[in-house]
Protein chains: 2
Amino acid sequence: MKKYAFGVDIGGTTVKLGLFDKGGYALDKWEIPTVTDNEGAAILPDVAESIKQKMEERGIDMEDVSGIGVGAPGAVDHNGTLVSGAVNLGWGVFNIPKVLNGYLDLPVKAANDANAAAFGEMWQGGGKGYSNMVAVTLGTGVGGGIIVDGNIVIGANGAGGEIGHIHIEDHEEETCGCKNKGCLEQYTSATGIVRLTKRRLAKDDTPSILRDTEITAKNVFDAVKAGDALAIEVAEQFGDYLGKGLAAVAGVVNPEIFVIGGGVSKAGEILLKYVEPAFQKYAFVACKNTKFALATLGNDAGIYGAAGLILNGEEE
Amino acid sequence: MKKYAFGVDIGGTTVKLGLFDKGGYALDKWEIPTVTDNEGAAILPDVAESIKQKMEERGIDMEDVSGIGVGAPGAVDHNGTLVSGAVNLGWGVFNIPKVLNGYLDLPVKAANDANAAAFGEMWQGGGKGYSNMVAVTLGTGVGGGIIVDGNIVIGANGAGGEIGHIHIEDHEEETCGCKNKGCLEQYTSATGIVRLTKRRLAKDDTPSILRDTEITAKNVFDAVKAGDALAIEVAEQFGDYLGKGLAAVAGVVNPEIFVIGGGVSKAGEILLKYVEPAFQKYAFVACKNTKFALATLGNDAGIYGAAGLILNGEEE
């Protein structure tokens, strides 16, 4: 019986790796630099080498390893092919499992990194125990990962779960990074929250502790915790937008749970206090009981999810 | 090798039945009345009897039949259990395949009727050849069916694809049937189009052939075809709402194709002329190439989809 799997999360500057047991426990975690020279040709050989070293170090045989899961930036199809390349790695279009398998003869599965992270949260994180889940990542942008019946929704062009660009506001003048106007991301990402706050501050002279500090999503939620009325107003606006967007998502896939992660989610449970009532307001009656939880794996979600691509289901 | 399957679509007044060959061709279609007395206890025995008669009539043996697919109103889970009953049939909570199987010893699968119809359109209708599809039904209300990788998205409470209640308009005063305000259904169902038209007519004195006729969705699109400026304005508004809503759907599951059906879709290709540009405007860049098509199976979509639950995949 196989005992282990490796989870690999390939980022633009570092590759995160993890060794997992069948129960989904991370026995070891480490990083190697991402060498993007020469169209990133060294990245997968480096990953293979690093895994071989780890196996040697720990005396793990090939036959003890179920396989290697890989999360990579860019659209990855069902076969693990990077369908549009990954610019920040220098990668073009190719099949990740086949190439990595050429360097290390173990079963390989690959997925988009955000989808892998969502899968990780389902497997061992905030969504553990659920098989119909939507992961929402509130970071510099807003991303999502949709899990239906335990499987990642990849979509026709790998754009499944691109919920940050759901149109949510008809009266927006500024353009989103995607060139549309009124995207969810423009109000609920870290930068979106800063934008909402600056707009609110400019509107009138309402006093606020945010007038004397750098405006960051963190500072806004700290001000909310301190009872700052203006910050609370911004949090309500943020919650209304996010609740409205997630209600639309629920109307499509009707998940059991939303798992909220990303830098903004470090604000903690207070975040949910502003999102859940708004979600309740906008959601279809049959979806109103959808649960909300915070992501728990942080930056490790990717390696968990990648390993989960291999191990999930095996442990049963 | 099995040659046939039956598709059954249970409605409040009639049960539609169909006999299909492995290629998805409807060899026979017929109806029986739905007897809702005594909590609808006779419905499934009647279905079994009607199928047995048809088999006798055509000299079909049990071993030639792959199974029976059933579409029923209400939320149906993965096992074919009607999780909240079906009020208009008098049915409570029970497992449809087990009960029907008790009357006729053939494999049975069951799904929600709208989802079955969506599945039918994917299998043999407007979405044939696609495995990631969203069916949109514009009738008295607005419904949807989401197919991801060839499987129906049922959702946690059977509310997958309830896209008619996606919040799409912040400035609505009237309440939707679901008790929310600003639902997609309020603007893009047959009744929604009538509402939009009446509002527009009341706004000013712009001449329109619609002033001298009964306002129905059909008449509005006939007026559009006749070049009536006011009707065209309404069609643009309708298209904008539907395009916006479907762009949100695309941001969640990124389908290859939207298949538009229901009474409103009888307007024909002209409908898509108003929806597609609006979709393009609101959709995330990676989803802009999503195709649009009209549903082709009409009221037979349900029996096709029900039979498809049994046969789809078998023909390969």
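In the block above lies the structure referred to throughout.
Computed from a predicted model, the values in this text were never measured in an experiment.

Focus on the sheet that holds strand S10 (residues 291–294) of chain B
Residue and element names in this part refer to chain B. Sheet architecture is open: 5 strands sit in the order S8-S7-S6-S9-S10, paired in mixed fashion. Every other strand in the sheet has two partners, leaving strand S8 (151–152) and S10 as the edge strands with one partner each. Two strands pair when backbone bridges link them, and strand S9 (residues 257–261) and S10 are joined in this way by 4 bridges, in the parallel orientation. From the neighbouring strand, Val259 faces S10, where its bridge partner is Ala293. Relative to strand S7 (residues 142–148), helix H4 (residues 113–124) is tilted by about 55 degrees, and along the sheet it contacts strand S6 (133–138), S7, S8 and S9.

Examining the relation of the copies chain B and chain A
The transformation that overlays chain B on chain A combines an axial shift of 0.0 Å with a rotation of 180 degrees, and the residual RMSD is 0.1 Å. In the structure described here, the two chain copies are related by an operation that fits a two-fold rotation axis. By residue overlap, the copies meet face to face through one surface: 100% of the interface positions of chain B are interface positions in chain A.

A look at the state of the cysteines
The full count for this structure, using the stated rule, is 0 disulfides over all chains. Left without a disulfide partner, Cys183 of chain A is nearest to the cysteine sulfur of Cys178 of chain A, which lies 3.6 Å away.

Some thoughts on the packing of helix H7 (residues 217–225) of chain A against helix H9 (residues 269–282) of chain A
Residues and elements named next belong to chain A. H9 packs onto H7 with a crossing angle of 85 degrees between their chain directions and a minimal axis gap of 10 Å. Taken together, the axis directions place H7 and H9 in an arrangement best described as roughly perpendicular. The residues of H9 that touch H7, namely those facing Phe221, Val224 and Lys225, are Ile270, Leu271 and Tyr274. For the contact of H7 with H9, a count of residues per class yields 5 nonpolar, no polar and 1 charged.

With respect to the interface of chain B and chain A
Interface size is often expressed as the accessible area that is lost when the parts come together. With 41 residues of chain B at the contact, the number on the chain A side is 41 residues. Buried surface at the junction of chain B and chain A, both sides included, amounts to about 3,100 Å², of which 56% is carbon and sulfur. The tally of links between chain B and chain A comes to 2 salt bridges. Salt-bridge contacts for Asp170 of chain B lead to Lys244 of chain A; the nearest nitrogen and oxygen are separated by 2.9 Å. In this structure, the connection of chain B to chain A is made through 24 residue pairs in polar contact (both at pLDDT 80 or more). Those elements giving two or more residues to the side of chain B that touches chain A turn out to be S7, helix H8 (229–253) and helix H9 (269–282) of chain B. Sort the elements by how many residues they give to the side of chain B that touches chain A and H8 of chain B lands first, with 7 residues.

Quick word on the environment of Ser208 of chain A
Residue and element names in this part refer to chain A. Mapped onto the elements, Ser208 comes out in the loop between helix H6 (190–203) and H7. Separated by 23 residues in sequence, Ser208 and Ala231 place their C-alpha atoms 7.4 Å apart. Looking at Ser208, its side chain comes within polar contact range of the main-chain nitrogen of Leu210, at 2.9 Å.

Comments concerning helix H3 (residues 96–103) of chain A
Residues and elements named next belong to chain A. Among all positions of H3, only Ile96, Pro97 and Leu100 are buried. Buried positions in H3, seen along its axis, are confined to an arc of 90 degrees and lie on one side of it. Exposed residues pointing more than 90 degrees away from the buried face of H3 are listed as Lys98 and Gly102. Those residues of H3 that are buried lie in contact with helix H2 (43–58), strand S4 (65–72) and strand S5 (108–112). For H3, the side-chain oxygen to backbone nitrogen distance between the N-cap and Lys98 is 2.8 Å, and the N-cap itself is Asn95.

Structural notes on empty space enclosed by the protein
Scanning the entire structure with this criterion turns up 3 cavities of 30 Å³ or more. The computed volume of the largest cavity comes to approximately 100 Å³. Lining the largest cavity we find His167, Ile168, Glu169, Asp170, His171 and Lys244 of chain A together with His167, Ile168, Glu169, Asp170, His171 and Lys244 of chain B. The class makeup of the residues in the lining of the largest cavity is 2 nonpolar, 4 polar and 6 charged. Of the volumes computed, that of the second largest cavity is approximately 60 Å³. If you list the elements that add at least two residues to the lining of the second largest cavity, you get helix H8 (229–253) of chain A together with H8 of chain B. Of the residues in the lining of the second largest cavity, the class split is 6 nonpolar, 2 polar and 2 charged.

The rules behind these values
Residues numbered from 1 in each chain as written. Chains lettered and ligands numbered in written order. Predicted model: local features only at pLDDT ≥ 70, side-chain atom pairs only at ≥ 80, totals over all residues. Heavy atoms only, no water. Pairing = 2+ DSSP bridges. Helix = DSSP H or I, 4+ residues; strand = E, 2+ residues; numbered from the N terminus. Contact = heavy atoms within 4.5 Å. Axes fitted to C-alpha atoms, helices over the stretch in contact; angles between N-to-C directions. Least-squares fit on C-alpha atoms with pLDDT ≥ 70 in both. Disulfide = S-S within 2.5 Å. Parallel < 35°, antiparallel > 145°, perpendicular 65-115°, else oblique. Nonpolar A, V, L, I, M, F, W, Y, C, P; charged D, E, K, R; others polar. Buried area = accessible area lost by both parts, 1.4 Å probe. Salt bridge = Lys/Arg side-chain N within 4 Å of Asp/Glu carboxyl O. Polar contact = N/O pair within 3.5 Å; in protein donor to acceptor, adjacent residues only side chain to side chain. Buried < 20%, exposed > 50% of the residue type's maximum accessible area, 1.4 Å probe, protein only. Arc of directions from axis to C-beta. 1 Å grid on protein atoms, 1.4 Å probe; cavity = no way out; pocket = protein on both sides within 12 Å on 5 of 7 lines; lining within 4 Å. Points joined across faces, edges and corners; volume = space filled by probe spheres on them.

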